[in-house]
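Topology and contacts: notes
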Amino acid sequence: MYQPKNINILSPRQEQQKLEYKLAKKVKKQTTASKRGKANRRNGRKAENELLKYLQSLHLTVHAVPASGAFKLTNAIKGYGDSEIAKRMSGDLKWDIGDKIYTIESKRDVSTDGLYKKAEDGPINYIGFAYMLRQDLFEALINKVEFGDTIPKEPKGLKKIEKYFNQDNSDMVVISRPYLPRLFFIKEELYNEIKREETL
C-alpha cells in the first residue's frame, strides 16, 4: 500500500471524505433535537432569572450560583465531592437565612398539569418529604400570613419532583410554566425555618 511521505497531505478521496464529515456534523447541529435542546436551555435560564427577580422582590436574600448551567452540563461539580465548594456551587440559586444557606432549584416544566390540579386544594404536606404551595400561598408564608392547616398526604406520584430535589440536593424546587403562577416544593427543614424566622 502506498504511504505518502507527509501524512498531512491528503489524497483527493480523503479530502472529499473530510468535507463530507464536516457537512454531516454541521447538519447534525441544526437538527430539530439540537434546536429543541438549545431552546429548552434558553427557556430554563429565562425562568431562573425571572425567579431570582421575583424572590428578590419579596426582599429575600437570594443570589444566583455563577455558571450553574455550565457546571451541570459538564458534570464538573462532581469533582469537588461533598466539599464546601461543591455545596456553594450546587443548584441554581442560594437563599441565605440567618447563618444558613439553602439551595433552590428552578425548573421550567410544562408537563405538570396533575400537580397544578392538586395545588388547587390548598397547601399540601407530603409527609416526610416536602410542602407544596401555590405562589400566592408561598407569598403568604413569607409575609407571615396564616393560611390555615396544610393537607397531609403520602408522598406518592412525585418521582419527577424527587429527581429535581436530588439533582443538587436542593432544599426548594420551584416549577415555572408559561401563563401560570409558580409551584413551590419546600423541604420540611426549610419550611420550618421560614415559619420560625421573624425576618427573612
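Note that this is a predicted model, so its numbers are computed, not measured. (Residues numbered from 1 in each chain as written. Predicted model: local features only at pLDDT ≥ 70, side-chain atom pairs only at ≥ 80, totals over all residues. Heavy atoms only, no water.)

**A closer look at the nonpolar core**
Leu55, Trp95, Ile104, Phe138, Met172 and Ile186 are the most contacted members of the largest nonpolar core, which has 27 residues in total. Only α2 (32-57), β2 (93-97), β3 (100-108), β5 (130-134), α6 (135-142), β7 (172-177), β8 (180-187) and α8 (188-196) provide two or more residues apiece to this core. Broken down by element, the residue count for this core peaks at 5 residues, all from α6. Beyond its immediate stretch of four places on either side in the chain, Ile186 contacts Ala130, Tyr131, Leu133, Phe138, Leu141, Phe165, Asp171, Met172, Tyr191 and Ile194. Of all hydrophobic cores here, the second largest spans 16 residues; its members include Tyr116, Ala130, Phe165 and Ile175. (Core = buried A, V, L, I, M, F, W, Y, C linked by side-chain atoms within 4.5 Å. Buried < 20%, exposed > 50% of the residue type's maximum accessible area, 1.4 Å probe, protein only. Helix = DSSP H or I, 4+ residues; strand = E, 2+ residues; numbered from the N terminus. Contact = heavy atoms within 4.5 Å.)

**Comments concerning the environment of Met132**
Inspection of the secondary structure assignment puts Met132 in strand β5. Counting along the chain gives 14 residues from Met132 to Lys118, while the straight-line C-alpha distance between them is 9.2 Å. Once residues lying within four places of it in the same chain are set aside, the contact partners of Met132 are Leu115, Lys118, Ala119, Gly122, Pro123, Ile124, Tyr126, Leu183, Phe184 and Phe185.

**A closer look at the sheet that holds β7**
Sheet strands pair via backbone hydrogen bonds, and the direction of the pair is either parallel or antiparallel. Strand order in this open sheet of 8 strands is β1-β2-β3-β7-β8-β5-β4-β6, and the pairing throughout is mixed. Two strands in the sheet have a free side with no partner beyond their single neighbour: β1 (62-64) and β6 (151-153). Sheet twist, expressed as the average angle between the axes of neighbouring strands with direction ignored, equals 25 degrees. Relative to β7, β3 runs parallel, the two being bridged by 5 bridges. (Pairing = 2+ DSSP bridges. Axes fitted to C-alpha atoms, helices over the stretch in contact; angles between N-to-C directions.)

**Side note on the pattern of salt bridges**
Counting across every chain of the model gives 7 salt bridges. Here Glu105 makes a salt bridge to Lys107, at a shortest N to O gap of 3.6 Å. Looking at Glu105, the relative accessible area reads 0%, which means it is buried. For Arg134, the salt bridge is made with Asp136, and the minimal N-O distance between the two is 3.0 Å. The exposure class assigned to Arg134 is partly exposed, which follows from its relative accessible area of 25%. Members of the salt-bridge network, linked through shared partners, are Lys100, Glu193 and Arg196. (Salt bridge = Lys/Arg side-chain N within 4 Å of Asp/Glu carboxyl O.)

**Things to note about the side chain of Ser170**
By the element assignment, Ser170 lies in the loop between α7 (159-167) and β7. Note on Ser170: relative accessible area 1%, which makes it buried. In this structure Ser170 touches Thr103, Ile104, Glu105, Tyr164, Phe165 and Lys187, once residues within four positions along its chain are discounted.

**Observations regarding the confidence of the model for the protein**
A low pLDDT score tells you not to read the predicted coordinates there in detail. Looking at the protein as a whole, its pLDDT mean stands at 84, while 78% of the residues score no less than 70. Taken element by element, the protein is modelled with least confidence in helix α3 (residues 68-74), mean pLDDT 51, and with most confidence in β5, mean pLDDT 98. (pLDDT = per-residue confidence, 0-100.)

**Observations regarding the environment of Glu189**
Mapped onto the elements, Glu189 comes out in helix α8. Between the alpha carbons of Glu189 and Phe129 there is a distance of 9.7 Å; along the sequence they are 60 residues apart. With residues near it in sequence (within four places) discarded, Glu189 still touches Lys100 and Tyr102.

**Quick look at the pairing of β5**
For β5, the tally of buried residues reaches 4 of 5 residues, placing the bulk of the element in the interior. With 3 bridges joining them, strand β4 (residues 124-126) and β5 adopt antiparallel strand pairing. Bridge pairing in β5 places Asn125 opposite Tyr131. Adjacent in sequence and paired antiparallel, β4 and β5 are bridged by 3 residues, among which Gly128 carries a positive phi angle near 80 degrees. For β5 and β8, the ladder comprises 5 bridges, and the chain directions are antiparallel. By the bridge assignment for β8, Met132 is matched with Phe185.

**Here's the deal with the packing of aromatic side chains**
According to the stated counting rule, one finds 4 aromatic pairs in the structure shown. Ring geometry for Phe129 and Phe165: centres 5.4 Å apart, planes at 80 degrees, overall edge-to-face. With Phe129 in the loop between β4 and β5 and Phe165 in helix α7, the pair connects residues that are 36 residues apart, well separated along the chain. This pair shows no difference in class: Phe129 is buried, exactly as Phe165 is. Judged by centre distance (3.6 Å) and plane angle (10 degrees), the ring pair of Tyr131 and Tyr191 falls under stacked. Placement of Tyr131 in strand β5 and of Tyr191 in helix α8 is noted, with a sequence separation of 60 residues between them. A single burial state applies to Tyr131 and to Tyr191, both of which are buried. (Phe/Tyr/Trp six-rings, centres within 6.5 Å; stacked < 30°, edge-to-face > 60°.)

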